[in-house]
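Coordinate analysis (summary)
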Amino acid sequence: MPSKTPWWRFDAWRLSSRMALLSLLLLLLVQAAGFAVIGTSIQRNARAQLAEQLAVGERIWGRLLDQRAAKLTQGATVLAADYAFREAVGTHDNPTIVSALDNHGARIDAAVAAFLDTQQRLVATADGSDVALQPVLALLAPRLAQRGSAVAAVGQRPFQFVMVPMKAPLLVGYVLMGFALDASLAEDMHAVSGLDATLVLQPAGAEPRVLLSSLKSPQALAQVPADGELLIDGAPHLVRSIPLSGDGPQPIVARLSGSLARAVAPYRSLQLVLGGLTLLGLLLFGLGSIWTARRVTQPLRSLARASERLGRGDYDAPLEHTQRRDEIGELAKAFDHMRVNIAAQQGEIRLLAYWDRLTGLPNRVQFRDSVRAAIGRANSARDHLAVLMLDLDRFKNVNDALGYASGDSLLKGVAARLQQALRPGDLLARLGGDEFALLMMGADARAAAAWAEQLMLAFEKPLTLDDQAVDLSAGIGIACWPEHANDADALLSRAEVAMYAAKAHTGGARVYDPAIDTASAQTLSLLSELRHALEHGELRLYLQPKIALASGRASGAEALVRWQHPQRGLVPPMQFIPFAEQTGFIRRITLWIFEETARHQVSLRLLGVERISVNLSTRDLLDHELPDKLDELLARHDAQAAGFCLEITESAIMDDPQRAEATLNRLAERGFKLSIDDYGTGYSSLAYLQRLPVDELKIDKAFVMAMPGDAGAATIVRSTIDLAHNLGLTVVAEGVENSGILEQLRHLHCDDAQGYHMSKPLPVGEFTAWMAQWPTNRPAGP
């Protein structure tokens, strides 16, 4: 009988072949993925290289324009220095002026040559084109006066202009010359950098139009909204825009473009070499896989299945083949070690993601999820739930006085005391810092407020930290579902709004009311941005000088704040200070301004600044801890209280006269000078102010600015100065906008003046430079 192949040997061979084929396919997949990654990397590198080339091209473009501007400037300078031309200008000999403009313009191939008077108004042109030039001159002249060169569209044609002052020796006018920008500029750009250049006119209210280009089909560049990738003639290009003419009615934009296909071309040969090597490797691997398939395929499949389990988050089952003493065994041990480590890391991540490590309470993420789940389970027709948000008072003082370890102990003690007051089913969480939150199931506003009152009573018992008793108090905000919000995020936001309202009214509990929500979602966003600005150094200290009218010396300044927003630029104070006052955040801003001023006090005193004024808000006056906080900042920067003048508005005092008077007395005892700001706009009288420890009155700028044309305003200012002097107070007038007001105030014997006539508010560095120049460059008057 013919011999037959044993069935088990046939199955083993078939299994080995299948394993080898599977391995080969796996390698093909890996190589394909590698090629995809390489292709992606090539594209990315080509894009990066092209983007860098575009950045270099922008500098080259600028140099080309600078070279043309230099030629124009030289010609204009020669003309401005020409004796005959200067004599013609002096005698208003227009024919001679036009002739000179014609000759010099033709000599340097200038398309436009014109003469402007000292007010930058058109007097004469070389070619009589004043009708076309006149509309853009109002926008063009200031830019030329500032930078010396500018690009603008005249009659829908691009020109590069330069303007040179003509002095004899005083300024008698300006020489204006311009080149027409044509296709040769784009061709020069392409020859130097390999990039294509296109000039696009973007007139207001009209379709953009291509003025010139080195491309055959540049129309797509007229409609591109921003930098990025664009298809030109079906091929991808990267585009970079360069504004040339500012924000006038006919702005011109230069768009540099480069082909991605040209950038990728050098890498294609490398891909072919890698492809050949890959094919050779696949052939060798296929031959070797047939021999090794039986020995390694099954254990590797086992490890692959284990990796799939790990990918699904199953870290409990140990891996097989860890007892083998070959490479497979080492790999299995490494996989199993990785499984154990990942399991431990995932447990740690879950703990960090949902729990507060200091107190052991749920954190903000878990609390928010719990509120959302509770709302999802509840029925709005019959169920209620409440969120209480709590923020501790004076927690920062504990950290500063006793140290951060004591602050952590305080938070643990508060968490324990809150947990003792919980009802069954309620959830307590620490949101961060000194903020806690409570989710009360089945509680409406009345029940939540009653619980908050009980909690405030429980807080009356001091907490002992290292043998020191620490008084506890907090502001509590309450918001209920569905009365105040329909979803979890809105409910938490409104509880926070109520909490800030409670803290603004010196603590206690407060239920959310739409009336206290000053600007809904925009308000909360602005509050978050203000916090970020304070914590990440986006606020800037500005100083506006005060001038002593008797001596003309700049001996004081007012400290102001500006917000350098990373996206919106320099934000004026009127866009965030009123909001900060409404929410109570103004207290943190005031402390920031005071600390920055204290930090610069010594250096400013060396410049002659004897006293710096800092504004206090109503919120600051109601804070009985304000004097202690200011003392701490003075000690930190070795500053003196006598070098500060704290300005308080009349309305801030009249909101709560008794508390304001108590705070002012404590500040005066510490050596601070006090000033009544915006005097004349409130309801107080000099007789009442005499009871306060104030040293200065600051007359509101509305009266000061109205003095030249309003006899009544001038009478009010004069009377205020006289009465204040009779009471022993100095007087500061703000809003001094011209020399006439300054002279009038000196005649009325006003002590100090402040306003844009002397200087606008300046950053500290610019203020220092201003102080150094003031004695020799001050305005007429002092």
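Here goes a summary of the coordinates provided. (Residues numbered from 1 in each chain as written. Predicted model: local features only at pLDDT ≥ 70, side-chain atom pairs only at ≥ 80, totals over all residues. Heavy atoms only, no water.)

Turning next to the overall build of the protein. Looking only at helices and strands, the protein has 25 helices and 27 strands in total. The burial tally for the protein puts 45% of its 782 residues in the buried class. A sequence separation of at least 24 residues applies to 63% of the contacts in the protein between residues at least 6 apart. Split by element, the accessible area of the protein, about 39600 Å² in all, is 55% carbon and sulfur. (Helix = DSSP H or I, 4+ residues; strand = E, 2+ residues; numbered from the N terminus. Buried < 20%, exposed > 50% of the residue type's maximum accessible area, 1.4 Å probe, protein only. Contact = heavy atoms within 4.5 Å. Areas by Shrake-Rupley, 256 points an atom, 1.4 Å probe, with all protein chains shown as cover.)

Moving on, we get to the pattern of salt bridges. In the structure shown here, the tally under the stated rule is 25 salt bridges. We note a salt bridge from Arg430 to Asp356, for which the minimum N-O separation is 3.0 Å. Of this pair, Arg430 sits in strand β12 (residues 427-432) while Asp356 sits in the loop between α8 (327-354) and α9 (364-377), placing them 74 residues apart in sequence. Both residues of the pair, Arg430 and Asp356, belong to the buried class. Close ionic contact of Glu647 with Lys698 constitutes a salt bridge, the shortest N to O distance being 3.2 Å. Linking Glu647 in strand β22 (residues 644-649) with Lys698 in strand β24 (residues 696-699), this pair joins segments that are 51 residues apart in sequence. Each of the two residues, Glu647 as well as Lys698, counts as buried. Because the salt bridges share partners, they merge into one network encompassing Lys546, Glu558, Glu647, Glu696, Lys698 and Glu734. (Salt bridge = Lys/Arg side-chain N within 4 Å of Asp/Glu carboxyl O.)

Right, let's talk about the pairing of β24 for a bit. Within a regular beta strand, the side chains point alternately toward one face of the sheet and then the other, so they alternate between its two faces. Residue alternation in β24 divides its side chains into two sets, Glu696 and Lys698 and Leu697 and Ile699, and both sets are buried. The pairing of β24 with strand β25 (residues 730-734) spans 4 bridges and is classified as parallel. By the bridge assignment, Lys698 is partnered in β25 with Val732. (Pairing = 2+ DSSP bridges.)

Time to look at the environment of Val210. Among the structural elements, Val210 can be located in strand β7 (residues 209-213). Linking Val210 and Ala254, residues 44 residues apart in sequence, is a C-alpha distance of 9.9 Å. Setting aside anything within four residues of it in sequence, one finds Val210 in contact with Thr198, Leu199, Val200, Pro218, Gln219 and Ala222.

Another aspect to go through is the sheet that holds strand β1 (residues 112-116). Strand order in the open sheet formed by 5 strands is β2-β1-β5-β4-β3, and the pairing between neighbours is antiparallel. Unpaired on one side and paired on the other, β2 (122-125) and β3 (149-154) mark the two borders of the sheet. With strand direction ignored, the average angle separating the axes of adjacent strands in the sheet is 30 degrees. Alignment of β1 against strand β5 (residues 171-180), held across 5 bridges, turns out to be antiparallel. Each bridged residue has a counterpart across the sheet, and for Phe115 the counterpart in β5 is Val175. (Axes fitted to C-alpha atoms, helices over the stretch in contact; angles between N-to-C directions.)

Attention shifts here to the nonpolar core. Of all hydrophobic cores here, the largest spans 104 residues; its most connected members are Ile589 and Leu745. Considering each element in turn, this core owes the most residues, 9 residues, to helix α13 (residues 488-504). In this view, Leu745 contacts Leu549, Val704, Met707, Val717, Ala733, Val736 and Cys750; residues no more than four positions away in its chain are not counted. Ranked by size, the runner-up nonpolar core spans 31 residues in total, among them Val414, Val470, Leu472 and Ile478. (Core = buried A, V, L, I, M, F, W, Y, C linked by side-chain atoms within 4.5 Å.)

Below, the discussion takes up the environment of Tyr756. Following the sequence through the fold, Tyr756 ends up in the loop between β26 (752-754) and β27 (762-763). Sequence-wise, Tyr756 and Asn738 are 18 residues apart; in three dimensions their C-alpha atoms are separated by 7.9 Å. Not counting residues up to four positions away in its chain, the partners in contact with Tyr756 are Gln544, Val736, Glu737 and Pro761.

The next point concerns the packing of aromatic side chains. Evaluated as defined, the whole model comprises 8 aromatic pairs. Between Phe594 and Phe644, the ring centres sit 4.4 Å apart and the planes meet at 25 degrees, which makes this aromatic pair stacked. Residue Phe594 is found in helix α16 (residues 586-606), and its partner Phe644 is found in strand β22; the two are separated by 50 residues along the sequence. Look at Phe644 and you get buried, because its relative accessible area is 0%. Ring geometry for Phe767 against Trp770: centres 6.4 Å apart, planes inclined by 20 degrees, an arrangement best described as stacked. A residue pair is termed a helical-turn pair when its members lie 3 or 4 positions apart in one helix, as Phe767 and Trp770 do in helix α25 (residues 764-777) at 3 residues. Side by side, Phe767 and Trp770 carry an identical accessibility label, which is buried. Among the aromatic residues, those joined into a ring-pair cluster are Phe594, Phe644 and Phe672. In this structure, Arg562 is placed above the aromatic ring of Tyr542, and the distance from its NZ or CZ to the ring centre is 5.3 Å. It is Arg568 that lies over the ring of Trp563; its NZ or CZ is 5.7 Å from the centre. (Phe/Tyr/Trp six-rings, centres within 6.5 Å; stacked < 30°, edge-to-face > 60°. Lys NZ or Arg CZ within 6 Å of the ring centre and 35° of its normal.)

Quick look at the side chain of Asp391 now. Within the secondary structure, Asp391 sits in strand β11 (residues 385-392). The exposure class assigned to Asp391 is buried, which follows from its relative accessible area of 9%. One polar contact links Asp391 to Lys503, side chain to side chain, over a distance of 3.0 Å. (Polar contact = N/O pair within 3.5 Å; in protein donor to acceptor, adjacent residues only side chain to side chain.)

What follows deals with unusual backbone geometry. Peptide bonds are trans in most cases, and residues, glycine excluded, mostly fall at negative phi. With an omega of 5 degrees, the peptide bond between Trp481 and Pro482 qualifies as cis. The topology assignment puts Pro482 in the loop between β16 (474-481) and α13. In this structure, Gln120 is a non-glycine residue whose phi angle is positive, near 65 degrees. Within the secondary structure, Gln120 sits in the loop between β1 and β2. The phi torsion at Asp638 lies on the positive side, around 55 degrees, for a residue other than glycine.

Nothing here speaks to function; it is all geometry.
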